[in-house]
Amino acid sequence: MTFGKELARLRQEHPLFANHYIAYQELKDAVDNGEVPKLMGLLRQELDRINGIVEVEVVALRGSLQARCRKAADGGADSLDPDSLDQIAQSINRVHQFVEVNYQGFQKIMKRCSERQDTASCTWFLAQVQAAPFRHYSFDELLVPLGQLRAAHRQQRAGQSEATMSDIASKALSPVGEGQSQVFFVQAKDVMRVKLALLQKLSPVGAMCKAKTTQATRDTSRMVSKLSRRTVHIYLEGASGNQYAERYRRRVEGSAAASGSGVLLRCRLAAAQDGEPGTIEDLTDPEHEAEIDVEDEAGRVTMARLPQRLMNALMEGTVDAKHRSPASLAAAEVIKRDGLRPAVSASFIRSSFAADSKDSAAPELVSIDEAIFFRDEAALADTKAWCFAASKTGAATVASPQVDFPGAVLRVWLPPQESAELIRMTGLEKFDLQHVPSFSEAMHGMALVHRELATPLPPWIPSETLTPTYQRSSLFIPKAAPAPALGGAGAGKAAGKPKEGEKTAAGGAPGGGSFRRTLMCCAGRSARAPDMRLKVDCKTPLAIERTLLRWMRSTVLLASLSSFLVSASSPSMQLNGLLLGLVSIVFVALPAHNYWCRSIELMNPASQQPKVDRFMPTAMAWSFSVIMLATLVVNVTTE
């Protein structure tokens, strides 16, 4: 079904929004006709209109839910009417669908613009759409008060289904570790509907707190709810792929550790929620705690916590005395022995749901991970940070170190039989969930960004034709060492002379490293891994050609002026023309040589810092200065 037909179907299903969806056909016609002013006016008009509609709907839903929560706290039974709560749930889903469909419409219009030369300049408007307010409303904050109202209603009519849910909750598995949950893939269009279905039987693991006051909003009575939080899992790997092989044996084949030292590691960073005591919200803060999960040979998981300022030391295999624990020491030993380093990370937003309980520490039963993307951690160029999430710069050594995951991942923290019963009770069967028994984030991410080490492929990736994101895994490239501190008293001695009996990095005797590197280069073996081959945009060669043509245009002007001055009768004018003629000849050769060198470089581009060529402008400036000085001297001497 085309997008236009899908839009027409939604207009019929939701008459309330029938006249408020994006004017897709009008925008499409404006693009096809090449009417850029009309197109830009329509785009701005549609964006402003959609922003206003979404704001009105979200504010109305938030106010209605908070009013019902206050009334329920005062004992008002009518605020817990299940039919009215169902209507609110449908409204939330309808507004969420309205946002997604309109954003998809803007994306399709921008893609259509990029395919036409006369409207290609309009594609910048997509950045305006992505930054628009309607894209940044959190619908999860509406689920917390709705979930609290549904939980209060269930407590009033406690029956057989609630007793069954309590029995299921008693068998909940710990969310610590990788292989404890039953995993299902959820399509992106069904994520909000799945969350609303879960609220029928489960409570959201979230809280309501007072909104932060700012200079613009000083309303201290306004409440906000927090359900989802950004979480990052960082997985370590070495150039031999030991961690991937061990995970495959445990998760897919179901066998025990291959040897007595089969230890799996996972590091975790989670953003704190507003109002959560004793936590730091900024993931790049050096004092933010990272959690390290250590799974031993028997599958037992222990956890260690370290501030991020100590994680670089842990990646070198050392732990300071204050933070030593069995888990941290085991992790440091494995990292040092197997040469592990951060290889891939999975970043996502997690929403959790638990069974109804008066105890605030109710076990988590279901979690939904959405907005998932995988990063190649070995491509991090920031030597001060141990992973991308902790880096303030986010600099990378490759062009695209990030791969998005379509849809969401539903995790049920129960044994298989109880998991199937929970799926049936919450009505999730109608959403066509795809059960993936042995799913592992680490294995999936390795298959995407380090394909050479992901052998064999995970079973949920159906084809062996998966091509790696990069031509060569960045794990094969040695990690750059942090730059040494300057100004130390012993820095010069330490860097200039190795200790007695110490060998150089190349493996030879002291002082022989340079000779050894020379031999390696002569034999065709580089001392370091070769740079990644770069992809050059088609506009770059054209820009180089334009630069050459502009230099030639300036040269033609100089040559014309030189010819005019040489034909004059004045000696000073003839001298001036002669010098300008020489300069014009030089500036035929120099730009042509520069153009030739840059063209050769584009045939095999390498990763290097771009250089600014200042020679030709400087040479031209000095030439003009010399010509003016010579003319002045001739005029003075002749007079």
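Keep in mind that this is a model prediction, so the values were computed, not measured.

A.B. asks: Is there a simple way to think about the overall build of the protein in this case?
C.D. replies: The secondary structure content of the protein amounts to 18 helices and 13 strands. In the protein, 70% of the contacts between residues at least 6 apart in sequence involve partners at least 24 apart. Working note: accessible area of the protein is about 34800 Å², and carbon and sulfur atoms make up 55% of it.

A.B. asks: Got a minute to help me understand the packing of aromatic side chains in this structure?
C.D. replies: Any pair of aromatic rings gets described here by the distance separating the centres and the angle formed by the planes. Scanning the model with the defined rule gives ten aromatic pairs in all. Among the aromatic residues, those joined into a cluster by ring pairs are F185, F374, F405, F439 and W460. Over the aromatic face of Y103 sits the side chain of R135, whose NZ or CZ is 3.7 Å from the ring centroid.

A.B. asks: Would you mind showing me how to read the packing of helix α6 (residues 140-156) against helix α8 (residues 191-198) here?
C.D. replies: Two packed helices can be described by the angle between their axes and the distance between those axes. Where α6 contacts α8, the two axes come as close as 10 Å, and the packing angle between them is 15°. Relative to α8, the element α6 lies roughly parallel. Where α6 crosses over α8, the two elements pack in a sense that is right-handed. Between α6 and α8, the residues in contact are D140, L143 and L146 and M192, K195 and L196, respectively.

A.B. asks: Whenever I open this one, helix α16 (residues 539-566) confuses me. Can you help?
C.D. replies: Since the α-helix turns once every 3.6 residues, residues separated by three or four places project in the same direction. With 28 residues, α16 extends 41 Å between its outermost C-alpha atoms, agreeing within 8% with the 40 Å of an ideal straight helix rising 1.5 Å per residue. Taken residue by residue, α16 has I544, L548, W551, T555, L558, S562 and L565 as its buried positions.

A.B. asks: I tried to follow the environment of R112 on my own but got confused; where do I start?
C.D. replies: Mapped onto the fold, R112 is located in helix α4 (residues 82-114). Between the C-alpha atoms of R112 and T123, which are eleven residues apart in sequence, the distance is 9.0 Å. The contact partners of R112, leaving out residues within four places of it in the chain, are K28, V31, D32 and T119.

A.B. asks: How do you make sense of the environment of F3 when you look at a structure like this?
C.D. replies: Looking at where F3 falls in the secondary structure, it is placed in helix α1 (residues 3-13). Residue class for F3 comes out buried when judged on its relative accessible area of 9%. Between the C-alpha atoms of F3 and Q104, which are 101 residues apart in sequence, the distance is 8.8 Å. Contact partners of F3, with chain neighbours within four places excluded, come to Y24, V101, Q104, G105 and K108.

A.B. asks: Can you walk me through the pattern of salt bridges in this structure?
C.D. replies: Any two side chains of opposite charge can pair if their charged atoms end up close together. Under the counting rule described, the total for this entry stands at 31 salt bridges. Between E141 and R62 there is a salt bridge whose closest N-O contact spans 2.8 Å. Here R62 lies in helix α3 (residues 36-73) and E141 lies in helix α6, a separation of 79 residues in the sequence. Between D190 and K189 there is a salt bridge, with its nearest N and O atoms 3.4 Å apart. Sharing partners across several salt bridges, the network here consists of R266, R268, E289, E291, D293 and R305.

A.B. asks: Looking at this structure, I do not really get empty space enclosed by the protein. What am I missing?
C.D. replies: Sizing a probe to match a water molecule and rolling it over the atoms shows the empty space that remains. According to the stated counting rule, one finds three cavities of 30 Å³ or more in the structure shown. Looking at the second largest cavity, its volume works out to about 50 Å³. Breaking the lining of the second largest cavity down by element, the ones donating at least two residues are β5 (228-237), α9 (242-253), β9 (341-354) and α13 (441-449). Residue composition of the lining of the second largest cavity, by class: eight nonpolar, one polar and two charged.

A.B. asks: Would you explain the nonpolar core in this entry?
C.D. replies: In summary, soluble globular proteins display a tendency toward joint burial of nonpolar side chains. F134 and L410 are the most contacted members of the largest nonpolar core, which has 76 residues in total. Ranked by the residues each element gives to this core, the list is headed by α4, at 13 residues. With residues up to four places along the chain from it excluded, the contact list for F134 reads L47, I50, N51, V54, V99, Y103, F106 and V129. L236, A331, V334 and I335 belong to the second-largest nonpolar core, a separate cluster that totals 29 residues.

A.B. asks: I keep staring at the pairing of β9 and nothing clicks. Help me out?
C.D. replies: Sheet faces and side chains relate simply in a regular strand, where the side chains alternate between the two faces. Of all 14 residues that make up β9, 13 are buried, and the element is covered over most of its length. The pairing of strand β2 (residues 203-204) with β9 spans two bridges and is classified as antiparallel. Across the sheet, the residue bridging to P204 is F353, located in β9. By the bridge criterion, ten bridges tie β9 to strand β10 (residues 364-376) in an arrangement that is antiparallel. Bridge assignment links R350 to a residue of β10, and that residue is D369.

A.B. asks: How do you make sense of the side chain of S419 when you look at a structure like this?
C.D. replies: Here S419 shows up in helix α12 (residues 416-426). Excluding residues that lie within four positions of it along the chain, S419 makes contacts with Q182, F184, V412 and L414.

Cut-offs and rules
- Residues numbered from 1 in each chain as written.
- Predicted model: local features only at pLDDT ≥ 70, side-chain atom pairs only at ≥ 80, totals over all residues.
- Heavy atoms only, no water.
- Helix = DSSP H or I, 4+ residues; strand = E, 2+ residues; numbered from the N terminus.
- Contact = heavy atoms within 4.5 Å.
- Areas by Shrake-Rupley, 256 points an atom, 1.4 Å probe, with all protein chains shown as cover.
- Phe/Tyr/Trp six-rings, centres within 6.5 Å; stacked < 30°, edge-to-face > 60°.
- Lys NZ or Arg CZ within 6 Å of the ring centre and 35° of its normal.
- Axes fitted to C-alpha atoms, helices over the stretch in contact; angles between N-to-C directions.
- Parallel < 35°, antiparallel > 145°, perpendicular 65-115°, else oblique.
- Left-handed = near helix turned anticlockwise from the far one by under 90°.
- Expected span 1.5 Å × (residues − 1).
- Buried < 20%, exposed > 50% of the residue type's maximum accessible area, 1.4 Å probe, protein only.
- Salt bridge = Lys/Arg side-chain N within 4 Å of Asp/Glu carboxyl O.
- 1 Å grid on protein atoms, 1.4 Å probe; cavity = no way out; pocket = protein on both sides within 12 Å on 5 of 7 lines; lining within 4 Å.
- Points joined across faces, edges and corners; volume = space filled by probe spheres on them.
- Nonpolar A, V, L, I, M, F, W, Y, C, P; charged D, E, K, R; others polar.
- Core = buried A, V, L, I, M, F, W, Y, C linked by side-chain atoms within 4.5 Å.
- Pairing = 2+ DSSP bridges.

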